[in-house]
Amino acid sequence: MESGSQKLAIKEALNETDKLKKITQISGSTYILTGYQESNTENKPGRRFGGILVFKIENKKPVLFWESEEYVNTGKVAGFRDINNDGIDEIVWDYDLGVTGRNNAIYIYKFDKDKFRLITPIEIEESSKFSTSIKYGRTILSGDNDLTYMKDIDGDKIQEIVVGYREGNIINRQTYKFNGQEYKLWKEEKIKG
Ligand SMILES: [Ca+2]
Ligand SMILES: [Ca+2]
């Protein structure tokens, strides 16, 4: 990544030009969220790898604090949001996979002492289309755009995650609930659509 574009991303985050929240305070420290993407057109046309970067302000300067490891791109940009109403923001990454048709996917990361920790379930995928095989984590919280979202369903001020996709005239719907540590499957339904 170019340092120039990184500087620009930090400047944008500080100015809050985006409607997503890009800056937060945790235990008196300031954290700034940005992202990047890398095109890998040589190996796989159109597929992009990217990630989330969090900088911490130390002595008035941004210092790289944490970087995501999962397979994410920048179809949509991550933002800070307090998903469990405890006053500490989580990172919510809600993006558009595009190519698969099941095209909304969600990752959530929770602040954990010296890093952000993934609290939504992933599966490990291996890509053999590269000359050296690459393993990466991909969220299983992926479904049709209009059926996949975050919502507080039971009114306890903690966001549930709904993942839905159509199969013929049936809607498969899974609801995930935060158990204090991570999101786990709570309800699984088949609905005539
Ligand atoms: Ca929180
Ligand atoms: Ca809830």
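**Q** Please explain the overall build of the protein chain as it appears in this structure.
**A** Scanning the protein chain from N- to C-terminus turns up one helix and 15 strands. In the protein chain, which comprises 193 residues, the proportion classed as buried is 27%. Sequence-distant contacts in the protein chain: of pairs separated by 6 or more residues, those separated by 24 or more amount to 33%.

**Q** What is the right way to look at the sheet that holds strand β14 (residues 170–178) in this model?
**A** Picture the strands of a sheet paired through backbone hydrogen bonds; they go either parallel or antiparallel. With respect to topology, four strands assemble into an open sheet ordered β12-β13-β14-β15, the strand pairing being antiparallel. Of all strands in the sheet, those bounded by a partner on one side alone are β12 (149–151) and β15 (183–192). Put simply, the sheet's adjacent strands are angled 25° from each other on average, direction ignored. Strand direction decides the pairing type here: β14 and β15, joined by nine bridges, are antiparallel. Within β15, the position partnered with N172 by the bridge is K190.

**Q** Help me out: how do you make sense of the environment of G51 in this one?
**A** Assignment of secondary structure puts G51 in strand β3 (residues 48–58). Considered as a pair, G51 and A78 are 27 residues apart in the sequence and their alpha carbons are 9.6 Å apart. Residues in contact with G51, not counting those within four places in the same chain, are G35, Y36, E67, S68 and V72.

**Q** Honestly, the nonpolar core in this entry has me stumped. Any pointers?
**A** Inside soluble globular proteins, nonpolar side chains tend to come together where they are buried. Formed by 33 residues in total, the largest nonpolar core has its most connected members in L33, I52, V54, I91, W93 and I108. Contributions of two or more residues to this core are made by α1 (3–15), β2 (29–39), β3, β6 (90–95), β7 (104–112), β8 (115–118), β13 (160–167) and β14. The dominant element in this core, judged by the number of residues it contributes, is β7, at five residues. Beyond its immediate chain neighbours, meaning those up to four positions away, I52 contacts L33, G35, S68, V72, A78, I91 and W93.

**Q** Just checking my understanding: could you explain the confidence of the model for the protein chain for this structure?
**A** Close inspection of predicted coordinates is inappropriate in any region flagged by low pLDDT. Confidence in the prediction for the protein chain averages 83 pLDDT; 79% of positions are at 70 or higher. In this model residues 41–48 is a low-confidence stretch, pLDDT under 50, and it forms nine contacts with partners more than four residues away in sequence or in other chains.

**Q** In this structure, what is going on with the pairing of β15? I would like to understand it.
**A** One face of the sheet, then the other: side chains in a regular strand alternate in exactly this way. Counting buried residues along β15, only one of its ten residues qualify, which leaves the element largely exposed. The antiparallel pairing of β14 with β15 creates a hairpin that spans four residues between the two strands, and G180 there sits at a positive phi of about 100°.

**Q** So what exactly am I meant to see when it comes to the pairing of β8 here?
**A** On β8, burial follows the alternation: F116 and L118 on one face are buried, whereas K115 and R117 on the facing-out side are not. In terms of strand pairing, β7 meets β8 through four bridges, oriented antiparallel. Bridge pairing links F111 to F116 in β8. Connecting β7 to the next strand, β8, in antiparallel fashion are two residues, including K113 with a positive phi near 55°.

**Q** Whenever I open this one, the environment of I161 confuses me. Can you help?
**A** Mapping I161 onto the fold places it in strand β13. Taking the C-alpha atoms as reference points, I161 and Y149, separated by twelve residues in sequence, lie 5.9 Å from one another. Setting aside anything within four residues of it in sequence, one finds I161 in contact with I106, L141, M150, Y176 and Y183.

Quick notes on the rules
Residues numbered from 1 in each chain as written. Chains lettered and ligands numbered in written order. Predicted model: local features only at pLDDT ≥ 70, side-chain atom pairs only at ≥ 80, totals over all residues. Helix = DSSP H or I, 4+ residues; strand = E, 2+ residues; numbered from the N terminus. Buried ≥ 20, exposed ≤ 12 C-beta atoms within 10 Å, placed from the backbone. Contact = placed C-beta atoms within 7 Å. Pairing = 2+ DSSP bridges. Axes fitted to C-alpha atoms, helices over the stretch in contact; angles between N-to-C directions. Core = buried A, V, L, I, M, F, W, Y, C linked by C-beta atoms within 7 Å. pLDDT = per-residue confidence, 0-100.

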